[in-house]
Every structure is written in structure tokens, then in C-alpha cells.
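Single-letter residue listing:
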Amino acid sequence: MRLGVLDVGSNTVHLLVVDAHRGAHPWPAHSQKERLRLAEQLGEAGELTIAGADALVKACAQAKAAAEGLGAEELMAFATSAVRDATNSAQVLRRVYEETGVDLKVLSGEDEARMTFLAVRRWFGWSAGRLLVLDIGGGSLELAAGIDEAPTVAVSLPLGAGRVTRRWLNADPPGAAELAALESYVDEQLMHRELDELKGWEIAAATSKTFRSLARLAGAAPSGDGLWAPRALTRRGLHQVRGFIQRIPSAGLAELDGVSASRAHQLLAGAVVAEAAMRRLGVEELRICPWALREGVILTRLDQLTTG
């Protein structure tokens, strides 16, 4: 069947239309992105501004029209931290539904971690054994581990690359004092007790644009090598990348291979979070997985259709 998935994130609204059925690889038929940066359109009281809500309604209407035009039988729409954290989230969701017909569901951070874990498990298969998964989004860091398709531990922390950039990094590039303050905050957040349960994995994996960009800068295969090319990021390689990029303004980072212009300004914060998380968990190497939350949502829905 042909399914549409609409992912309303902190940075982008991403529509993915796939042809899929239970037990098969979901093959993308169409992909389109609208960069709204919703997390940067919050008012003083934490509410999504009228301009931000207007942009979201427009993007959802366009995505729905595109999905219907491509023959999608169902559109699964979900929102993550930017909408989840907005103080007027309920009103915004109601407006989106009333004006577009898109039933936008807000995922909790733990649900994000679980669905992303499922996607990574299906990608690597059962031979991966006990699996650890890290995912840095715009608003949050998700971590999960387990031996099955559902993780035994799933944790979400407010350490998204965009969030910590806005809160801690003002200069471009930031100075030593700003970086030290950011590092201290990240380390404090990573003292979360549940992270002590994320131990004993056979494979540690990472997904998200942040990790893919950092891996590329550390020498991983370019996107042109295809979906199946093995890619990894070592802690040593990440440390070297961070030392390099922390001296470069975001305009310069945007010119590097593997770094998108829209996310260049938050790459350094993502590197700080990634390195601190690997250090906290004792991870020396992460294998990069091309599947993430959107694929997890698709796989979850296909499982429901099969068992329903």
C-alpha cells in the first residue's frame, strides 16, 4: 500500500510517501520538506506564534494535497518537541485539523525513542544482538536500548541541537566560556539515572541528520555512495571534528560536504551533545543507520494493519 508520513519537527515539516507492505522494505516514492524552524517561533510565554501557526497550517495543507495527489491511502501525521513543548499546543493542533483535515498527533519523547529503536532494529536485524540507539533531534536527544523490537529502556532528554544552540551559544563561532557552560549543562542532563541501565550492547547505533553530518565530516561515505554503504562515527573522530568546527562560523560550516545550510548553525552544539553522550555511555563507535523515526512510524502502522 502507499502511505504518507508527515513529520512536524523542530526544524522542518517533512512529507515522505512510501510504497510498503508488512515484511518489505518501505520504498520512498516522494519526499518534500518545508523548513519552518518552529522551535524558533515561540513567544515569551512559550506559545507558538500566530505566524508560526499560520506557516504550519499552510505546510500541512500542502503536504496533504501532495500525498493525495500521489495516491497515498493514508496520511500519518505526527509532531515532536517543537509542538509538544508549545504552551498552546492543543489550540494549534485543533486549528490544523479544522483548517486542513490533518489529524496531527503529538509524540512523547519516549514514543520517539521507541519508534526510532524499532526502525534501527529492523535495519540491522536480529544479528545486532542487544542494541543501543542514539538520536539527536532539534529539540531532544532520544536514547534507547534492548534485545527485542521494543526497547527495555527509552529516555528523552532536552538536549536537541537546536534547543541547546538557542539557549547556550550566542557568538558565531562561540567562545570558550560559552562552550564550557554548554558542556557543563549537557553533562548535568546526562546524569539521568536511567542512562545507567543502557549497558551491555553488541551494537551502538545512531540516527538523525546531526549524526550523519558529523560522520561525514569524520570521513564516512558520502550520500552519493547509496543507502547501503556502511557508515560509522568513532569518538576519536568526533572529537577531532568538534575541534575543527568550533573555530568556524556557521556560514563556513554550511559550505562543507554533508552539512546543510539550514542546520549548520546548530552542528557544533550537536557535536557537543554527541561527544558527551558517547563519553557518558562508554561508546567508542556508533554505526550510522539511515532509518529513523519516520520509518519507525511506518513500520508500526504496518504491524498494526497486519494484526488488526
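Figured I'd write up the structure that's included with this text. Just so it is clear, the structure is predicted and the values come from calculations on it, not from any experiment. The residue numbers shown here count from 1 along each chain, following its written sequence. Where totals are concerned, whole chains, interfaces and linings use all residues; where local detail is concerned, this predicted model gives features only for residues with pLDDT of at least 70, and gives and counts side-chain atom pairs only at 80 or more. In computing side-chain properties, one takes all heavy atoms of the structure into account and sets aside hydrogens as well as water.

### Remarks on empty space enclosed by the protein
Part 1: Every definition here rests on a 1 Å grid over the protein atoms only: cavities are sets of points where a 1.4 Å probe fits but cannot get out, pockets are open sets enclosed by protein on both sides within 12 Å along at least five of seven lines, and lining residues have some atom within 4 Å of a point. Grid points are joined across faces, edges and corners, and a volume is the space filled by probe spheres set on the points. One pass over the full model with this rule turns up 1 cavity of 30 Å³ or more.
Part 2: When its volume is computed, the largest cavity comes out at roughly 70 Å³.
Part 3: Forming the walls of the largest cavity are Ala 161, Lys 209, Thr 210, Ser 213, Val 259, Ser 260, Arg 263, Gln 266 and Leu 267.
Part 4: When its residues are assigned to classes, the lining of the largest cavity shows 3 nonpolar, 4 polar and 2 charged. Classification used: nonpolar for Ala, Val, Leu, Ile, Met, Phe, Trp, Tyr, Cys and Pro, charged for Asp, Glu, Lys and Arg, polar for all others including Gly.

### Observations concerning the nonpolar core
Part 1: We call a set of buried Ala, Val, Leu, Ile, Met, Phe, Trp, Tyr and Cys residues a nonpolar core when their side-chain atoms join them within 4.5 Å. Burial classes follow relative accessibility: with a 1.4 Å probe on protein chains only, a residue under 20% of its type's maximum area counts as buried, one over 50% as exposed, and anything between as partly exposed. Leu 143, Leu 159, Val 186, Leu 190, Phe 211 and Leu 214 are the most contacted members of the largest nonpolar core, which has 48 residues in total.
Part 2: Strands are runs of DSSP state E lasting at least two residues, helices are runs of H or I lasting at least four, and both sets are numbered from the N terminus onward. Of the residues forming this core, the biggest block, 11 residues, is contributed by helix α10 (residues 267-281).
Part 3: Excluding residues within four positions of it along the chain, Leu 214 makes contact with Leu 233, Leu 238, Val 241, Ile 245, Leu 267, Gly 270, Ala 271 and Ala 274.
Part 4: Membership of the second largest hydrophobic core comes to 28 residues, among which are Val 8, Ala 59, Ala 79 and Val 92. We call two residues in contact when some of their heavy atoms are within 4.5 Å.

### Looking at the environment of Glu 284
Part 1: Mapping Glu 284 onto the fold places it in the loop between α10 and β11 (285-288).
Part 2: Remark: the alpha-carbon pair of Glu 284 and Arg 236, spanning 48 residues in sequence, is separated by 7.7 Å.
Part 3: Setting aside residues up to four positions removed in sequence, Glu 284 forms contacts with Leu 233, Thr 234, Arg 235 and Met 278.
Part 4: N or O atoms closer than or at 3.5 Å make up a polar contact, with two conditions inside protein: a donor-capable atom paired with an acceptor-capable one, and, for residues adjacent in sequence, both atoms drawn from side chains. Here the side chain of Glu 284 touches Arg 235 through a polar contact of 2.6 Å, side chain to side chain.

### Remarks on the pairing of strand β6 (residues 131-136)
Within a regular strand, side chains alternate between the sheet's two faces.
Part 1: By the criterion of burial, β6 is predominantly enclosed, with 6 of the 6 residues buried.
Part 2: Covered by surrounding structure in β6 are Leu 131, Val 133 and Asp 135 together with Leu 132, Leu 134 and Ile 136, the residues of both alternating faces.
Part 3: By definition, two strands form a pair when at least two bridges between them are found by DSSP. Inspection of the sheet shows β6 paired to strand β7 (residues 141-146) by 6 bridges, in the antiparallel sense. By the bridge assignment for β7, Leu 134 is matched with Leu 143.

### Here we look at the sheet that holds β11
Part 1: Read across the open sheet, the 6 strands follow the order β8-β7-β6-β9-β11-β10; overall the sheet is mixed. The open sheet has two edge strands with one neighbour each: β8 (153-157) and β10 (232-234). The average undirected angle you get between the axes of adjacent strands in this sheet is 20 degrees.
Part 2: Inspection of the sheet shows strand β9 (residues 203-207) paired to β11 by 2 bridges, in the parallel sense. For Ala 205, the partnering residue across the bridge sits in β11 and is Arg 287. Each axis is a line fitted through C-alpha atoms, and for a helix only the stretch in contact is used; angles between axes span 0 to 180 degrees, taken between their N-to-C directions.

### Brief notes about the layout of surface pockets
Part 1: Computed from the structure, the second largest pocket encloses a volume of approximately 280 Å³.
Part 2: Together, 16 residues line the second largest pocket, and Leu 75, Met 76, Ala 77, Lys 105 and Val 297 are the ones closest to its centre.
Part 3: At 5 residues, the largest contribution of residues to the lining of the second largest pocket is made by strand β4 (residues 74-79).
Part 4: When the residues that make up the lining of the second largest pocket are grouped by side-chain class, the tally is 8 nonpolar, 3 polar and 5 charged.

### Quick look at the pattern of salt bridges
Part 1: The salt bridge definition used is simple: a Lys or Arg side-chain nitrogen within 4 Å of an Asp or Glu carboxyl oxygen. Summed over the entire model, instances satisfying the criterion amount to 18 salt bridges.
Part 2: For Asp 187, the salt bridge goes to Arg 279, with nearest N and O atoms at 3.2 Å. Placement of the pair is Asp 187 in helix α6 (residues 176-189) and Arg 279 in helix α10, with a sequence separation of 92 residues.
Part 3: The exposure class of Arg 279 is partly exposed, given its relative accessible area of 42%.
Part 4: Across the pair Glu 275 and Arg 242 runs a salt bridge, and its minimum N-O distance is 3.5 Å. Remark: Arg 242 occurs in helix α8 (residues 235-245) and Glu 275 occurs in helix α10; sequence separation between them is 33 residues.
Part 5: Exposure remark for Glu 275: the relative accessible area of 7% places this residue in the buried category.
Part 6: Several salt bridges share partner residues, and in doing so they unite Asp 54, Arg 95 and Glu 99 into one network.

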